[in-house]
Amino acid sequence: MAGGGSRTDDFYGRLRAYVGRAAASGGEGKDPVNEPMIRHWCEAMGDANPAYPAIAPPTMLQVWTMGGLSGHVGGSARSEAYDELLALLDGVGCTSVVATDCEQEYLRPLRPGDRITFDAVIESVSPRKTTKLGSGHFVTTRMDIRAGGELVGKHRFRILKYAPARRTSAAKERTAKERTAEVKEARRPRPVINRDNAGFWAGVAEHRLLIQRCTDCGTLRFPWLPGCGACGCQEWETVEASGAGTVFSYVVMHHPPFPAFDPPYAVGLIELAEGVRMISNITGVPHDKVRIGMPVELEFLRVDADLELPVFRGAVA
């Protein structure tokens, strides 16, 4: 045991030696901050804040540093130190990787014309951790983003490099019937209902999908908010959605398993006929048949005795 612990400590010491070393250097954004990209982002996000595109939304920070499918130009590639660190983890069986989370800090707004440069550093490597996916090490990199040499933001990105957990024979032999029983017994997470969205859930209880409409400028908005993002007015009324819509975007959830959900299943960003978008489950079609542009119709799904949710039923042509 002592020898095993010593080897573990020695290996972790080798990993920690990479902390503080460059993960990338000399990075340059492929394009300057620009109005077309800001408009595309705001349209996709449904953000009508009048401050844009004179400035870029803060959460676009990573947009200006991404290399796209063709990667970054010379001088901004991943460092040898970072590759060595990942190779060390591969060597002990941590061959799988999953992104776990990211954090951003905004120091000043970015404006059209700003040219972006960046560097990244290996900020931390965790001791070996055991997760449901398997055991391995969390690796955090921090990217410092500059415009004209001025630090404008920081982006921390964390991954888990892990050795996949082996499924036991008992787990492999669990039947679909047993998994279905577990899903039925578990309760869906309850929605958080407050004074800003209580009217929406009251509408759901009556099988009505209600959208807010600003009484000043007439802008429709969803999800429900206390004020209008277009003009700032806090007065509003409701409009009942027709229930017709199309799939604007979607993801198919495979992992992680979660009580009351039976993966794989499709979650869509639905564009309603009225022009607003909402996130909801897509029902009525196999998850692998869901497509962008697919027409959908509103229905209400009772998931248990106390909870009914608006979902959208798709149709395969």
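Here the structure is a predicted model, which is why all the values come from computation and not from measurement.

Engineer: Looking at this model, I keep getting lost on the environment of Gly136. Mind explaining?
Structural biologist: Along the chain, the position of Gly136 falls in strand β5 (residues 134-147). C-alpha of Gly136 to C-alpha of Val97: the two residues are 39 residues apart in sequence and 9.4 Å apart in space. Contacts of Gly136, omitting those with residues within four sequence positions, involve Cys94, Pro127, Arg128, Lys129, Leu160, Lys161 and Tyr162.

Engineer: Teacher, can you tell me more about the sheet that holds strand β10 (residues 244-253) here?
Structural biologist: The strands that make up a sheet pair up through hydrogen bonds in the backbone, lying either parallel or antiparallel. In spatial order, the strands read β10-β11-β12-β14-β13; together these 5 strands close into a barrel with mixed pairing. Taken over all neighbouring pairs, the strand axes of this sheet differ in orientation by 50° on average, direction set aside. Pairing between β10 and strand β11 (residues 265-272): 8 bridges, direction antiparallel. Pairing of Tyr250 across the sheet is with Gly268, part of β11. Strands in contact with helix α6 (residues 198-205) are β13 (295-304) and β14 (307-314); relative to β14, the strand with the most contacts, it is inclined by about 75°.

Engineer: Would you explain helix α3 (residues 80-91) in this entry?
Structural biologist: At 3.6 residues per turn, the α-helix brings residues three or four places apart onto the same side. A rise of 1.5 Å per residue sets the reference length of α3, with its 12 residues, at 16 Å; its end C-alpha atoms lie 16 Å apart and thus fit the reference within 8%. When α3 is considered as a whole, its buried residues turn out to be Ala81, Tyr82, Leu85, Leu86, Leu88 and Leu89. Around the axis of α3, the buried residues are gathered within 150° of arc, so they sit on the same side. For α3, the exposed residues set more than 90 degrees away from the buried face come down to Glu80 and Gly91. Count one or two residues on from α3 and you reach Gly93, which has phi positive near 95°.

Engineer: Would you explain the side chain of Arg188 in this entry?
Structural biologist: Looking at where Arg188 falls in the secondary structure, it is placed in the loop between α5 (176-185) and α6. Despite being buried, Arg188 has no salt bridge partner; Asp304 is the closest side chain of opposite charge, sitting 7.5 Å away. If we ignore the near neighbours within four places in the chain, the residues touching Arg188 are Ala260, Phe261, Asn281, Val303, Asp304, Leu307 and Leu309.

Engineer: Explanation requested: the pattern of salt bridges in the structure shown.
Structural biologist: Side chains carrying opposite charge are able to pair once their charged atoms draw close together. Counted by the stated rule, this structure contains 19 salt bridges. In this structure, Glu105 engages Arg156 in a salt bridge whose closest nitrogen and oxygen atoms are separated by 2.6 Å. With a gap of 51 residues between them, Glu105 in strand β2 (residues 96-106) and Arg156 in strand β6 (residues 150-164) connect regions that are remote in the sequence. Where Arg208 meets Glu206, a salt bridge forms, and the shortest distance between an N and an O atom there is 3.3 Å. Overall, the relative accessible area of 29% leaves Arg208 in the partly exposed class. Of the residues examined, Glu206 reaches a relative accessible area of 52% and is grouped as exposed. What you see here is one network of salt bridges that share partners, running through Glu105, Glu123, Arg142, Asp144 and Arg156.

What counts and how
Residues numbered from 1 in each chain as written. Predicted model: local features only at pLDDT ≥ 70, side-chain atom pairs only at ≥ 80, totals over all residues. Heavy atoms only, no water. Helix = DSSP H or I, 4+ residues; strand = E, 2+ residues; numbered from the N terminus. Contact = heavy atoms within 4.5 Å. Pairing = 2+ DSSP bridges. Axes fitted to C-alpha atoms, helices over the stretch in contact; angles between N-to-C directions. Expected span 1.5 Å × (residues − 1). Buried < 20%, exposed > 50% of the residue type's maximum accessible area, 1.4 Å probe, protein only. Arc of directions from axis to C-beta. Lys, Arg positive; Asp, Glu negative; His and termini not counted. Salt bridge = Lys/Arg side-chain N within 4 Å of Asp/Glu carboxyl O.

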